[in-house]
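Listed here are the chains, written in short residue letters.
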Amino acid sequence: MSHQLSEKINKLVPSATLEMAAKARELRAAGKDIIGLSLGEPDFNTPDYVKDAAIQAVKDNYNAYTPVDGYVELKKAIITKFERDNQLRYEPSQIVVSTGAKQSLYNVAQVCLNPGDEVILPCPYWVSYSDIVKLSDGVPVEVPTTLENDFKMTPQQLREAITPKTKMLWYSSPCNPSGSIYSREELRALADVLQDHPQIVVVSDEIYEHINYGVTPHASMAQFSDMYDRTVTVNGVAKAFAMTGWRIGYLGGPSHIARACNKLQGQVTSGANCIAQRAVITALEESPDRIAYMVTEFKERRKLILDLLNGIPGFKCNEPEGAFYVFPNVSAYFGKTLKGKTIGNASDFAMFLLEAANVATVTGDAFGNGDCIRISYAASVKEIEEAISRIKAALTA
Ligand SMILES: *Cc1c(COP(=O)(O)O)cnc(C)c1O
């Protein structure tokens, strides 16, 4: 019955990460012992001080519709956070709270893109960017990066990707899936290229800001005064605060873009969930030091998984500086036949790992890089050890 559906939705591909999670759930239901390293989701609980704020909000009867762009107090907490952590100054009219950072990103695409506008996406990029752009009638322009360059786009590559139709540049730093972080100097060099192209809006997705292992300090494109007026900074609480299901994200940016997002959201979802918004006020007002224990833990698991993966022939890893993923190049296996299965590409490889090792990962194709797979290490030490040993056994048997 797909003819009853719009061309737009028929062309849309399902989120590969959610799809892999669904497949893993299916196999589990069939009795298979699957270790899930496919989802980008911390395995911690939401901190107690944040949960307590939510409980209090329920008791205090925060049950009515909120302002479309978020509670005044939450916008104030976001403004204080931007100033405290990023030295960025915003007025309330420049802030919009949404149902997850994903909606913030979708809003920006919807309000900025006209049909045919090009959006530059350094690859690998976060799984939904390209489909959000397409849903907004934009054209994703993928710029492949290399493991040797730590999966970062060079100024030269940016210059070559720009056309008269280029409307936006989107990236995440720290990057999901590669864990790479653009230094202040690297961002400055990209900003220099953009000087000749004032029509280009930058979307800087900083949702992993706090999950940083201390090599490259976090930097924001909007910190450059010549970029401030055309950069949208997107952030949220899902990852660093272990609040994926609470669904709160936000953006700070030029007020004409923020107002447009507010207008769109007012016709689509209205304000984000009231209780979750109250809890996020507390999450943001408290010092980020209170969530550092999770980063310490992730750092140990990063070392563990890198050591284990480097012990498997054919895996080439960069050292991720942030987020909680490794993105090994596994192209050495392409063309080989393992347990009767021919591995043609990264999707075959991820499927082989699911079936032969009972470990769920995600194909790099979903992130615009067909040589790699993404493995999340937001899992317990025991799960990581067991998963990688199963992978090794399946590949060397
Ligand atoms: C998880 C993730 C998001 C989505 O965040 P939500 O607040 O859960 O919508 C956005 N960008 C990147 C890079 C992510 O990894």
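Residues numbered from 1 in each chain as written. Predicted model: local features only at pLDDT ≥ 70, side-chain atom pairs only at ≥ 80, totals over all residues. Heavy atoms only, no water.

(A) How the structure looks around the overall build of the chain. A count of helical and extended segments in the chain gives 14 helices and 14 strands. Taken over C-alpha atoms, the radius of gyration comes to 21 Å for the chain, in line with the 21 Å a tight globule of 397 residues would show. Reported as C-alpha extents along the three principal axes, the dimensions of the chain are approximately 60 × 55 × 50 Å. The 397 residues of the chain split such that 55% are buried. Intrachain contacts of the chain at a sequence separation of at least 6 include 74% that bridge at least 24 residues. (Helix = DSSP H or I, 4+ residues; strand = E, 2+ residues; numbered from the N terminus. Rg over C-alpha atoms; globule rule 2.2 N^0.38 Å. Buried < 20%, exposed > 50% of the residue type's maximum accessible area, 1.4 Å probe, protein only. Contact = heavy atoms within 4.5 Å.)

(B) Broad picture of the environment of Ala332. Secondary-structure assignment places Ala332 in the loop between strand S9 (325-326) and strand S10 (337-338). Judged by relative accessible area, Ala332 falls into the partly exposed class, the value being 44%. Residues Ala332 and Pro313, 19 residues apart in the sequence, show an inter-C-alpha distance of 8.8 Å.

(C) Spatial organisation of the site of the ligand. Around the ligand, the surrounding shell consists of Gly100, Ala101, Lys102, Trp126, Ser172, Asn176, Asp205, Ile207, Tyr208, Ala238, Lys239 and Arg247. For the ligand, an oxygen atom lies 2.8 Å from a polar atom in the side chain of Asn176. A distance of 2.7 Å separates an oxygen atom of the ligand from a polar side-chain atom of Arg247. For the ligand, whose free accessible area comes to 390 Å², the fraction covered by protein is 94%. Here the residues of the shell around the ligand sort into five nonpolar, three polar and four charged. (Near = heavy atom within 4 Å. Polar contact = N/O pair within 3.5 Å; in protein donor to acceptor, adjacent residues only side chain to side chain. Areas by Shrake-Rupley, 256 points an atom, 1.4 Å probe, with all protein chains shown as cover. Nonpolar A, V, L, I, M, F, W, Y, C, P; charged D, E, K, R; others polar.)

(D) Quick look at the state of the cysteines. The tally for this structure, following the rule as stated, stands at zero disulfides. Distance from the sulfur of Cys112, which forms no disulfide, to the nearest cysteine sulfur (Cys261) is 6.9 Å. Using a relative accessible area of 10% as the deciding quantity, one classes Cys112 as buried. There is no disulfide at Cys175, and the cysteine sulfur nearest it, in Cys123, is 9.9 Å away. You can call Cys175 buried: its relative accessible area is 7%. (Disulfide = S-S within 2.5 Å.)

(E) Geometry of the nonpolar core. In terms of nonpolar packing, the biggest core is built from 114 residues, with Trp170 and Phe315 touching the most fellow members. Here this core takes eight residues from helix H11 (residues 274-285), the largest share from any one element. Shared between two domains, this core takes at least three residues from each, and those domains are domain 1 (2-45 + 291-396) and domain 2 (48-287). Here Trp170 is in contact with Leu105, Ala109, Val119, Ile120, Leu121, Pro122, Tyr129, Ile132 and Val203, once residues within four sequence places are set aside. (Core = buried A, V, L, I, M, F, W, Y, C linked by side-chain atoms within 4.5 Å. Domains from an automatic or database assignment.)

(F) Region of the structure containing the side chain of Asn107. You can see Asn107 is positioned in helix H5 (residues 101-112). Side-chain polar atoms of Asn107 contact the side chain of Gln265, separated by 2.9 Å. Excluding anything up to four places from it in sequence, Asn107 contacts Ser98, Cys261, Leu264 and Gln265.

(G) Structural view of the domain arrangement of the chain. By the assigned domains, the chain splits into domain 1 (2-45 + 291-396) and domain 2 (48-287). For domain 1 and domain 2, the distance between their C-alpha centres works out to 25 Å. Facing 36 residues of domain 1, the contacting portion of domain 2 comprises 36 residues. Carbon and sulfur atoms make up 60% of the area that domain 1 and domain 2 hide from each other, which totals about 3,000 Å². Of all residues in domain 1, the largest losses of buried area upon contact with domain 2 belong to Ile291, Glu321 and Phe367, amounting jointly to 24% of the total for that side. (Buried area = accessible area lost by both parts, 1.4 Å probe.)

(H) Representation of the pairing of strand S7 (residues 231-236). Among the six residues that make up S7, six are buried, leaving the element largely enclosed by the rest of the structure. With burial as the criterion, each face of S7 is covered, one bearing Thr231, Thr233 and Asn235 and the other bearing Val232, Val234 and Gly236. In terms of strand pairing, strand S6 (residues 201-205) meets S7 through four bridges, oriented parallel. Residue pairing for S7: Asp205 is matched across the bridge by Val234. (Pairing = 2+ DSSP bridges.)

(I) Layout of the packing of aromatic side chains. This model, assessed by the stated rule, comprises 18 aromatic pairs. A ring pair is formed by Phe315 and Tyr333, whose centres lie 6.3 Å apart and whose planes are at 70°; its orientation type is edge-to-face. A residue pair is termed long-range when its members are at least 10 positions apart, and Phe315 in the loop between helix H12 (292-309) and S9 and Tyr333 in the loop between S9 and S10 qualify at 18 residues. The class of Phe315 is buried, set by a relative accessible area of 6%. Ring-pair connections join several aromatic residues into one group, and the members of that group are Phe44, Tyr208, Tyr293, Phe298, Phe324 and Tyr325. Across from the ring centre of Phe224, 4.8 Å away, lies the NZ or CZ of Arg188, which sits over that ring. (Phe/Tyr/Trp six-rings, centres within 6.5 Å; stacked < 30°, edge-to-face > 60°. Lys NZ or Arg CZ within 6 Å of the ring centre and 35° of its normal.)

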